[in-house]
Amino acid sequence: DTEVTQTPKHLVMGMTNKKSLKCEQHMGHRAMYWYKQKAKKPPELMFVYSYEKLSINESVPSRFSPECPNSSLLNLHLHALQPEDSALYLCASSVRTGSGNTIYFGEGSWLTVV
Amino acid sequence: AQKVTQAQTEISVVEKEDVTLDCVYETRDTTYYLFWYKQPPSGELVFLIRRNSFDEQNEISGRYSWNFQKSTSSFNFTITASQVVDSAVYFCALNTGTASKLTFGTGTRLQVTL
């Protein structure tokens, strides 16, 4: 079983709604990530947090707002999304950032924007 | 720039057959890390293996084995005596230098039938 847990597993939201995706890990990892995955495509990096600070934003639209309240939690706040934002959102963590660190993924949150 | 190529889009085998998933990578860095992940229909990306560029030893884990060859820039994955539970999309990925960004291949969908 994954040690990166994500809630909710499924979310349907309207384009005017505000919702949040939540992620938690208790492995003591200090790097956390959000990835977006469209159907039949590989995951694409959105954000990287290192020691609770945002270190990478892959030019993600501002309707996606990440937050890292502490070293174990990572949120993704969603507002005014578009139907094309419907995708699987994967949270992940690693001991630290850097290429030698294995990235462990959660089960993902399936988001549908209607 | 980094690139990972998984030329096999989809493979279908009958249970108990052996199957090899191909992965070819490109990088100019001398230090890099290669990964394989499994993604069942549930969505979670399951980490299978990490290999660094200085370790060309092949690895076997149960029915899984990996063949890393720097001369051909390949990191192939073989499943011996495949089972229905092996049905999933398999991603090969590359990470280099100080980056935290995994470069994924496009994935190979493996279908194992009875």
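Structure: see above.
On a predicted model such as this, the values are computed, not experimentally measured, just so you know.

Colleague: Would you mind going over the pairing of strand S11 (residues 109–113) of chain A in detail, with residue names and values included?
Modeller: Residues and elements named next belong to chain A. Residues Ser109, Leu111 and Val113 of S11 are buried on one face, while the alternating residues Trp110 and Thr112, pointing to the opposite face, are not. Note: strand S2 (residues 10–13) against S11, 4 bridges, orientation parallel. Each bridged residue has a counterpart across the sheet, and for histidine 10 the counterpart in S11 is tryptophan 110. Both strand S9 (residues 87–94) and S11 contribute to a ladder of 3 bridges, which runs antiparallel. Residue pairing for S11: leucine 88 is matched across the bridge by tryptophan 110.

Colleague: How would you sum up the nonpolar core? Please name residues and give values.
Modeller: In this structure, Trp36, Phe77, Tyr90 and Leu110 of chain B are the most contacted members of the largest nonpolar core, which totals 23 residues. Counting only elements with at least two residues in this core, the list comes to strand S2 (10–14), strand S3 (19–21), strand S5 (32–39), strand S8 (64–69), strand S9 (74–79), strand S10 (88–96) and strand S12 (108–113) of chain B. With 4 residues, the single largest contributor to this core is S10 of chain B. Listed in part, the 22 residues of the second largest apolar core include Met32, Cys68, Leu81 and Tyr89 of chain A.

Colleague: Now, about unusual backbone geometry: what can you tell me, with residues and values included?
Modeller: Residues and elements named next belong to chain A. The amide bond that connects threonine 7 to the next residue, proline 8, takes the cis arrangement and shows omega of -10 degrees. Unusually for a residue other than glycine, tyrosine 51 sits at a positive phi of about 50 degrees. Mapped onto the elements, tyrosine 51 comes out in the loop between strand S5 (44–50) and strand S6 (53–57). Tyrosine 51 sits in the partly exposed class, given a relative accessible area of 44%. With a phi angle near 65 degrees, glutamate 52 is a residue other than glycine that sits in the positive phi range. Along the chain, glutamate 52 turns up in the loop between S5 and S6. Judged by its relative accessible area of 30%, glutamate 52 is partly exposed.

Colleague: Before we move on, could you go through the state of the cysteines and cite the residues and values that matter?
Modeller: As enumerated under the stated definition, the model contains 2 disulfides over all chains in all. The disulfide partner of cysteine 23 of chain A is cysteine 91 of chain A, and the gap between their sulfur atoms is 1.9 Å. On the sign convention where negative means left-handed, the S-S torsion of about -75 degrees between cysteine 23 of chain A and cysteine 91 of chain A marks this disulfide as left-handed. Of this pair, cysteine 23 of chain A sits in strand S3 (residues 18–25) while cysteine 91 of chain A is found in strand S9, placing the two residues 68 residues apart along the sequence. Pair check on accessibility: cysteine 23 of chain A and cysteine 91 of chain A agree, each one buried. There is a disulfide in this structure between cysteine 23 of chain B and cysteine 92 of chain B, and the S-S distance comes to 2.0 Å. Linking cysteine 23 of chain B and cysteine 92 of chain B, the disulfide has an S-S dihedral of approximately -65 degrees and is accordingly described as left-handed. Pair noted here: cysteine 23 of chain B is in the loop between S3 and strand S4 (24–26) and cysteine 92 of chain B is in strand S10, with a separation of 69 residues, a long-range link. The exposure classification of cysteine 23 of chain B matches that of cysteine 92 of chain B, with both residues buried.

Colleague: Let's hear about the interface of chain A and chain B: which residues, and what values?
Modeller: Listed per partner, the contact involves 24 residues of chain A and 24 residues of chain B. On the surface where chain A and chain B come into contact, there are 1 salt bridge. Measuring nitrogen to oxygen at the nearest pair gives 2.9 Å for the salt bridge that ties glutamate 58 of chain A to lysine 101 of chain B. Connecting chain A to chain B are 6 residue pairs in polar contact (both at pLDDT 80 or more). Top contributing element to the side of chain A that touches chain B by residue count: strand S4 (residues 31–37) of chain A, with 3 residues. Tallied by class, residues from the side of chain A that touches chain B come to 11 nonpolar, 9 polar and 4 charged.

Calculation notes
Residues numbered from 1 in each chain as written. Chains lettered and ligands numbered in written order. Predicted model: local features only at pLDDT ≥ 70, side-chain atom pairs only at ≥ 80, totals over all residues. Heavy atoms only, no water. Buried < 20%, exposed > 50% of the residue type's maximum accessible area, 1.4 Å probe, protein only. Helix = DSSP H or I, 4+ residues; strand = E, 2+ residues; numbered from the N terminus. Pairing = 2+ DSSP bridges. Core = buried A, V, L, I, M, F, W, Y, C linked by side-chain atoms within 4.5 Å. Disulfide = S-S within 2.5 Å. Contact = heavy atoms within 4.5 Å. Salt bridge = Lys/Arg side-chain N within 4 Å of Asp/Glu carboxyl O. Polar contact = N/O pair within 3.5 Å; in protein donor to acceptor, adjacent residues only side chain to side chain. Nonpolar A, V, L, I, M, F, W, Y, C, P; charged D, E, K, R; others polar.

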